[in-house]
Amino acid sequence: MCMTYRRSYPGCGFGGMNTSKSETVKEHPLQPSRRSLPCLAQSQTHPQSLSKHSSFLQPNRVQPQPRPQPLSAGTSTATVDVVSERAKVMETLENNLIKLSNTEYSDPFLDVGKDKDTYTDDSEHGNYDVRTDQSLLIQNKLARQKTEPRTKSSLKTDAMASSGLFFKDGKKRIDYILVYKKSSLQVEKRSTFEKNLRAEGLMLEREPAVTNSDIMFVKIHCPWETLCKYAERMNIRMPFRKKCYYTDWRSKTMGSLQRNMRELKSWLPRNPMKLDKEALPDLEETDCYTAPFSRARIHHFTINNKDSFFSNSTRSRIVHHMLQRTKYEDGKSKMGINRLLNNGTYEAAFPPHEGSHKSRHPIKTHGAQNHRHLLYERWARWGMWYKYQPLDLIRRYFGEKIGLYFAWLGWYTGMLIPAALVGLFVFLYGLFTMDSSQVSKEICEANETIMCPMCERNCTLQKLNESCIYAKVTHLFDNGGTVFFAIFMAIWATVFLEFWKRRRAVLTYDWDLIDWEDEEEELRPQFEAKYSQVERVNPITGKPEPFQPFPDKLSRLMVSVSGIFFMISLVLTAVFAVVVYRLVAMEQFASFKWYFIKKYWQFATSGTGVCINFMIIMSLNVVYEKVAYLLTDLEHPRTESEWENSFALKMFLFQFVNLNSSIFYIAFFLGRFAGRPGKYNKLFNRWRLEECHPSGCLIDLCLQMGVIMVLKQMWNNFMELGYPLLQNWWSRRKMKRRGQSMEHKISLPQWEKDWNLQPMNLHGLMDEYLEMVLQFGFTTIFVAAFPLAPLLALLNNIIEIRLDAYKFVTQWRRPMPARATDIGIWYGILEGIGVLAVITNAFVIAITSDYIPRFVYAYKYGPCTDQGYRQEKCLKGYVNSSLSVFDLSELGMGYSGYCRYRDYRAPPWSSTPYEFTLQFWHVLAARLAFIIVFEHLVFGIKSFIAYLIPDMPKDLCDRMRREKYLVQEMMYEAELEHLQRERKKNGKQYHHEWP
């Protein structure tokens, strides 16, 4: 029941108590103490906001009526003092509720005859609903107009038992599933483990598999008493009071402003990206204050139904906690389900899905069968690609850790929209100005300019205008908006990370993770086995545990670092092999029989080099994963989280270097050390080093980035969805080969359907984060050379969200709902990528692109010298100025005359032939100056923006401090009410203040 003094203040909205009926009858109203005044003042100010969701089930607020009707939170404060009169009213209410439940309200949890002990007033909980997960789902009122006999409840119980969600009795919910083979030799360990599980309070039930006679399932149910005991041990926070918001002049003003805005929005078209409120159940658990669960203060908590007080994910988490700490043999380390999975005692351990993700009936007319079905219809279907994600439902079903991943992925995808639009604008600007570009015009009109041969034997002399297409394509990515876009993306990365901090703070508050701390992790079995002889006292638990000496840890770390450098050197070797291929291939493509290949031999060389490089990248990724495993195990990390962080860092380093090494080569080394005509540098004195195209090297960099990015994303999407689909198809095919008919597929219980699904990746979310972080690197590090990278990333992520959703809901077993407050080590990696992006973009603009040479020419050597402005006409003559002259007779190939090549060198008729000119040194100085100015400017802007944006919104800070104060006040009030009730029960006198 609710706090008694609230009968005079119905708007305050505290939660109900779980008291017996006899105590309810004898109760008298209490006067509010001073501690309740802030909340009570607010309740008079906003009575509607907290009372409009009141339920009709309110036996504690009875008003004499000529005919019993459902009561609301606004009922008067009449108190019944006579026991018989109160009993009559209660009986009338129960009869009325039975009639209502037989007609329109067919919710099984409103059946007061089923469990009167768990029947309490739920009117004060407002939006918060602690009914079972299935009762929270949307129900279509039209489909329930007709009455249904109450005898169908027994049929419903049988159906629920046969669905695979309950024990055979149809009452005990399955919280966890263990799978083992009957032929397994670990019988003693398994029997001891299960015996100890029963001793801890769990209920177990065995069930043989339908499709495989060797498989046995162990269903686990956690009773109420065990749930309460371990919820108290694990400090699980549970709801105990409705939130009470304070008001001042600001909130009053904002309240009226919000009401006006709401009225204005009602006239505007509805946002198509938002999910309909009717499409999702009310999952807002933030309307109740929470506190660590305590059995001694169980009367403080809002318990409407013992079976639904703990959600399914919380129940699974409690059972998993017990499975991790139950022994199967004598000994310090002989405990935990993970060790039993490793030694083959059990084949799998997982919480069951809540049912099928599909239904024969449409969800709009019949509602969702379960949360899995709801997630599929409102999240995982391809038709929902433009909708916001139901994060509260994802968190409720999969846990906070997976919910945070999808929240981060959605936030990253949303932030890519402005980046993609600006990048597309830069690209379109280059497209529309392509024909009017002075540089492109001069190249396309250079009919008489002869270019020097770009290879030794098979290349012929070409005219400069043959590079017209390359010049125009280069202008798409290297134009006046390139510098602006590079600065924008550096600032964008900072804004993205800073606002993610704020978004994460709001989510951790909404999901009640502010005061949550990680439990002390258990040691890894490998660590215990290795260092069982050396022990020291754990400063947290105060118990002795194995300890790794510092010299041993340092030596293993040095070996691991050496292995990392060896693998990086292997990457560089692979890049070198691709470079050698390009040097050999360009001679062959230049003399190819096909005219198209012979004419565009540079494009053919770059394209085939990129494809070969991609195949090497994907092959080496497999090797890197095995080496990372080996090196991480060699370090012997103490806990699983330390192992995961170390493994994730190695995988990121390996794959980052593997993906970007060839891009770094093309951006900063291609054509820089080729030499000049007549004095070319050769590899092994045999192959002439590759030169840049007459239009520059940026086109090669764009091609490299575009091909690798697109192919990598396509491969990842196939491995994420196509591979599990093939595996599940193959398992179904094997079942058919064993002689199983299709009828068995329909009659399979839920635990066996889940067993036939694929388990979640061994590394959990590491592969998902790694893919997105590498994409973030592609989007930011070389974005100055490829402005379309954010657009490609945005399109991929729109698909990626639905792919991951479909995979989690339909193709994978339900993972253990784990908790987390952030994205872990990945945030630090993202910050490092943001810093590296500023440096690389500065070098790309200064060295790879022609922005700085054009800038120097326009202000120092062009027709607009010292005029203080720059237009396209100021670049007139730039192409001729950027090309040096060479005497063809010096080649000894029978040519005569002069040819041109890209460089700033003196002509052969000067006093110092082929020496660098003054313009070369001016350009070099400008490049170095640009790098320094660009980096300091962008880093300064990034730091200033990071300083301006607080990590947590101010209103959230105020709300948290206010709620912390109110929680203390309400705990005092609840304890006061409880003690006064105890004194009144014992016949002692009491006072209205603290006794």
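For the structure itself, consult the block above.
The notes below deal with the structure included here. (Residues numbered from 1 in each chain as written. Predicted model: local features only at pLDDT ≥ 70, side-chain atom pairs only at ≥ 80, totals over all residues. Heavy atoms only, no water.)

### Observations concerning the state of the cysteines
As enumerated under the stated definition, the model contains three disulfides in all. Covalent S-S linkage joins C444 and C468, the inter-sulfur distance amounting to 1.9 Å. Linking C444 and C468, the disulfide has an S-S dihedral of approximately 80° and is accordingly described as right-handed. In this pair, C444 sits in helix α16 (residues 438-444) while C468 sits in helix α17 (residues 468-477), placing the two residues 24 residues apart along the sequence. In this structure C468 comes out as buried when scored by relative accessible area, which is 15%. Shown here is the disulfide that connects C452 with C899, its sulfur atoms set 1.8 Å apart. (Disulfide = S-S within 2.5 Å. Helix = DSSP H or I, 4+ residues; strand = E, 2+ residues; numbered from the N terminus. Buried < 20%, exposed > 50% of the residue type's maximum accessible area, 1.4 Å probe, protein only.)

### Section: the sheet that holds strand β2 (residues 203-208)
Reading across from one edge, β2-β3-β1-β6 is the order of the four strands in this open sheet, with antiparallel pairing throughout. The open sheet has two edge strands, β2 and β6 (348-350), and neither has a second partner. In this sheet, adjacent strand axes meet at a mean angle of 20° when their direction is disregarded. Packed onto the sheet, helix α6 (residues 187-199) meets β1 (176-181), β2 and β3 (215-221) and runs at close to 140° relative to β2. The strands that helix α10 (residues 312-324) touches are β1 and β3; relative to β1, the one it contacts most, it runs at about 45°. (Pairing = 2+ DSSP bridges. Axes fitted to C-alpha atoms, helices over the stretch in contact; angles between N-to-C directions. Contact = heavy atoms within 4.5 Å.)

### A word on the environment of Y624
Looking at the element boundaries, Y624 is found in helix α22 (residues 601-635). Considering only alpha carbons, one finds Y624 and I564, 60 residues apart in sequence, at a separation of 9.5 Å.

### Examining the pairing of β3
Taking burial as the measure, the seven residues of β3 include seven buried ones, the bulk of the element. Side-chain alternation along β3 places I215, F217, K219 and H221 on one buried face and M216, V218 and I220 on a second face that is also buried. Sheet analysis places β1 next to β3, joined by six bridges and oriented antiparallel. Each bridged residue has a counterpart across the sheet, and for I177 the counterpart in β3 is K219. As paired elements, β2 and β3 share six bridges and run antiparallel to each other.

### Considering the packing of helix α18 (residues 482-510) against helix α27 (residues 766-780)
Closest axis-to-axis distance for the α18/α27 pair is 10 Å, and the angle between their directions is 150°. Regarding the angle of α18 to α27, the classification is roughly antiparallel. Here α18 contributes M489, W492, A493 and F496 to the contact with α27, which in turn contributes F776, T779 and T780. Looking at the contact of α18 with α27 residue by residue, the classes come out as five nonpolar, two polar and no charged. (Parallel < 35°, antiparallel > 145°, perpendicular 65-115°, else oblique. Nonpolar A, V, L, I, M, F, W, Y, C, P; charged D, E, K, R; others polar.)

### Concerning the environment of E691
Counting through the fold element by element, E691 comes out in the loop between β14 (687-688) and α24 (698-737). For E691, a relative accessible area of 17% corresponds to the buried category. In this structure the C-alpha to C-alpha distance between E691 and F669, which are 22 residues apart in sequence, comes to 10.0 Å. The contacts of E691, once residues within four sequence positions are left out, are P453, M454, Q602, G671, A674 and Y680.

### What about helix α13 (residues 371-380)?
With respect to burial, α13 is a largely interior element, ten of its ten residues being buried. Every buried residue of α13 is listed here: H371, R372, H373, L374, L375, Y376, E377, R378, W379 and A380. Where the residues of α13 are buried, they touch α12 (363-366), α14 (391-398), α15 (400-432), α26 (750-755) and α28 (789-811).

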